[in-house]
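Remarks on the overall topology
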Amino acid sequence: MSTYFHPKKYAPEDFASLAPSAAALPVVIVGAGPVGMGVAMGLAQRGIAVTILEAADQVSFGSRAICVSRHSLEVAERLGFGAELDDIVLPWVGGRSYYRDQEVLQFRMASAEHDARGPMVNVSQSEFEQIMTDKLLAHPLVNFHWSSSIAGISGGDDEVTLTVDTAFGTRERELRAAWVVAADGGRSKMRELSGIRLQGNSYEGNYVIADIHWESELPAERLVWFDAPSNPGSTIIMHRQPRDIWRIDYQLDASDDPEAETQEDRIRDRITRHLEWLESDIPWTLEWFGFYRAHALALEDFTHGRVLFAGDAAHLVPIFGVRGLNSGMEDAETLVWQLAAVINGAADTGILDAYSKERRSAWQQNVDNAGKSTLIMSPGSHGYRTTRDAVLELATKRSEFAHLINPRQSSATHARLSPLTWPTAAGTEGVLPGDPLEDRVVQVSADGSKTSLNSLRGTGFGLLAFGLSAELVSELDTQAEILAQALAPETVRVITAGTNDSTIRDAEGNLASALGARVGEIFVIRPDGLTLCRISDPTQLNDVAKHLTAGTAPTHFDTAQSATTAVIDDEGHREHVWLALSNALDQADPSDREAMLVRLALILGSQATSTSFDAALKDAALKDAAPKSATR
């Protein structure tokens, strides 16, 4: 019996146009996906009334995004639906990749005893959205309008007018809002009506995605086959979901007709061949299927007057590395506290420029990583196809090349270059301003119980102080109250460590060491979990309030640096070689490619010892590569 999730349907409720004499609605959110609902949750949490317009009569159907990162689970906890999400998800920590039937990579995402959560869980986007919807429908400050689509938009200095089509006849309704959040997805009507377009690149390669009910005992891990024996020339990805639902993605060949290959009989045939190759005779049912291409596109600016774009309406990222939903949840939480600060009079509208700059920078970070994964999963040129296949072949013999196949799973992005982020003194180590402060398990000094930094900080600002004297702690408490008044209704909580009477125990200095904290230092943590600044004097919180109000940061801080310079290690060097060689092959005249590679080998070979060159030549030939058995 299938356990596939089918969302509830909601009857439309008619509503009247807003009278010209009535005050504009505080916030209208267009789109009830994870991002739009995340913004609604955060604003309602801060006492701001929200109206949601959704063109459909239910949440999305189908798995769509399924991998939810550790950071997104933190966001879910802060927005108030973390416990409900925890009840239905399936955790996983790594995966395996195969070249044909040979295992070439086994990876594990970073996980440690002090982590408050595992690195990743699987759950369908449909169920994720349903939990959020149930929460919002019960909230007195949230008003849902299902089956309501945007037909027009006009803006002024102080408000935006939205024309809305409903399920009740042809008469359009008009709503006015002080702020509009456009979170209506990759085919955004708000974007179209605003006359703006996404810019960037679309990758070659088409993928079919399908959800099946299959009671297999295979583990919950990311499984990938390159040039799968069941479907030669194709890349196949498998992910286990809760309740025996499996997500299967497979790549179509460039010569395949997408329309023909997305017919149900062809999808069933492909899946059947792969499951039979896995030697499975367990019955399965096809529950849902879709089709996608990889894109790396974004708006130049996420803020357009009083219309603020978020999630797929603002940017698209390649799906490899599972960054779509996860980056969207970051958008939501960052936008929430900054927009709330403007609405509540705690900050100028300039702080929304920071939202745009931060989240576009985050998109670039995601694209930089997801783009590399896409070039492995779906290489779109001769050069990248050649090097990808060479990497896979080499990985069967030289394991040091396997990291190039790693999917580079989603992790929290930084805001080091944000207009809000304070510079740091040269030589500062550890967590820098702009970096996410990971949630860690900590022990409460008062009773020895365990909790986490995230739980202690709550949904607002956190002041994490190390080794402060009793006098300085008293001063910090005083300054924290002043800061809370300036940023109301955001909360400001003080967490101390490093002394006998601290909030949390850190007797051995493990937390301080992990963060790079010095005695007497205070980390100011933003509501979205990013580090705003590191200060050494509680009275500097006056400057924190002043700069947040203006949407700025100090222009200097002694001798300052914005970010550390990354050290290129062996893996970074191999990645550079792969990218540079791929580009060189693409730029070379097709008739000269082989000769170019010979010239390159002669130059590099002359710089190696005879022994190392002979060993490299032997492995490059791969004549004696013994196949490894793949676990099936």
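Okay, so let's go over this structure. Everything quoted here is computed from the prediction, not taken from an experiment.

Cut-offs applied
- Residues numbered from 1 in each chain as written.
- Predicted model: local features only at pLDDT ≥ 70, side-chain atom pairs only at ≥ 80, totals over all residues.
- Heavy atoms only, no water.
- Helix = DSSP H or I, 4+ residues; strand = E, 2+ residues; numbered from the N terminus.
- Buried < 20%, exposed > 50% of the residue type's maximum accessible area, 1.4 Å probe, protein only.
- Contact = heavy atoms within 4.5 Å.
- Core = buried A, V, L, I, M, F, W, Y, C linked by side-chain atoms within 4.5 Å.
- Pairing = 2+ DSSP bridges.
- Axes fitted to C-alpha atoms, helices over the stretch in contact; angles between N-to-C directions.
- Patch = residues over 30% accessible without salt bridge, like charges linked within 9 Å, V, L, I, M, F, W, Y side chains within 5 Å.
- Areas by Shrake-Rupley, 256 points an atom, 1.4 Å probe, with all protein chains shown as cover.
- Salt bridge = Lys/Arg side-chain N within 4 Å of Asp/Glu carboxyl O.
- Expected span 1.5 Å × (residues − 1).
- Arc of directions from axis to C-beta.
- Phe/Tyr/Trp six-rings, centres within 6.5 Å; stacked < 30°, edge-to-face > 60°.
- Lys NZ or Arg CZ within 6 Å of the ring centre and 35° of its normal.

Observations regarding the side chain of Asp-619
One can find Asp-619 in helix 17 (residues 610-621). We classify Asp-619 as buried; its relative accessible area is 12%. Residues contacting Asp-619, with those up to four places away along its chain left out, are Leu-394, Lys-397 and Arg-398.

A short note on the nonpolar core
Counting residues in each nonpolar core, the largest one holds 98 residues, and the members touching the most others are Phe-81 and Leu-162. Residue contributions to this core peak at 10 residues, all from helix 8 (residues 324-343). Leave out the neighbours within four places in its chain, and Phe-81 touches Met-41, Ala-76, Phe-128, Ile-131, Met-132, Lys-135 and Met-329. In this structure, Phe-226, Ile-237, Phe-320 and Trp-363 belong to the second largest nonpolar core, which totals 38 residues.

Thoughts on the sheet that holds strand 26 (residues 531-535)
Taken in spatial order, the 4 strands make up an open sheet running 24-23-25-26, and their pairing is mixed. The strands lining the two open edges of the sheet, one partner per strand, are strand 24 (492-497) and strand 26. Between one strand and the next, the sheet's axes are offset by a mean angle of 15 degrees, whatever the strand orientation. Those strands touched by helix 14 (residues 541-550) are strand 23 (461-466), strand 25 (522-525) and strand 26, and its axis lies near 150 degrees from that of strand 26.

Thoughts on a nonpolar patch on the surface
A cluster of nonpolar side chains, Leu-597, Leu-600, Ile-603 and Leu-604, forms an exposed patch at the surface whose accessible area comes to about 330 Å². Checked against the element boundaries, Leu-604 lands in helix 16 (residues 593-606).

Some points on helix 10 (residues 382-395)
Along its 14 residues, helix 10 runs 20 Å from first to last C-alpha, staying within 8% of the 20 Å computed at 1.5 Å per residue. Of all the residues in helix 10, the buried ones are Gly-383, Tyr-384, Thr-387, Arg-388, Val-391, Leu-392 and Ala-395. Angularly, the buried residues of helix 10 cover 155 degrees about the axis, an arc narrow enough to put them on a single face. Close packing links the buried residues of helix 10 with strand 5 (94-99), strand 6 (102-108), strand 13 (222-226), helix 9 (351-377) and helix 15 (570-587).

Let's talk about the packing of aromatic side chains
Evaluation of the coordinates by the stated rule reveals 12 aromatic pairs. Pairing Trp-337 with Phe-461 gives two aromatic rings, centres 5.5 Å apart and planes at 80 degrees, and the pair type is edge-to-face. Of this pair, Trp-337 sits in helix 8 while Phe-461 sits in strand 23; the two residues are 124 residues apart in sequence, bridging distant segments of the chain. Comparing Trp-337 with Phe-461, the two get one shared label, buried. Directly above the ring of Trp-179 sits Arg-306, whose terminal nitrogen or CZ lies 4.3 Å from the centroid.

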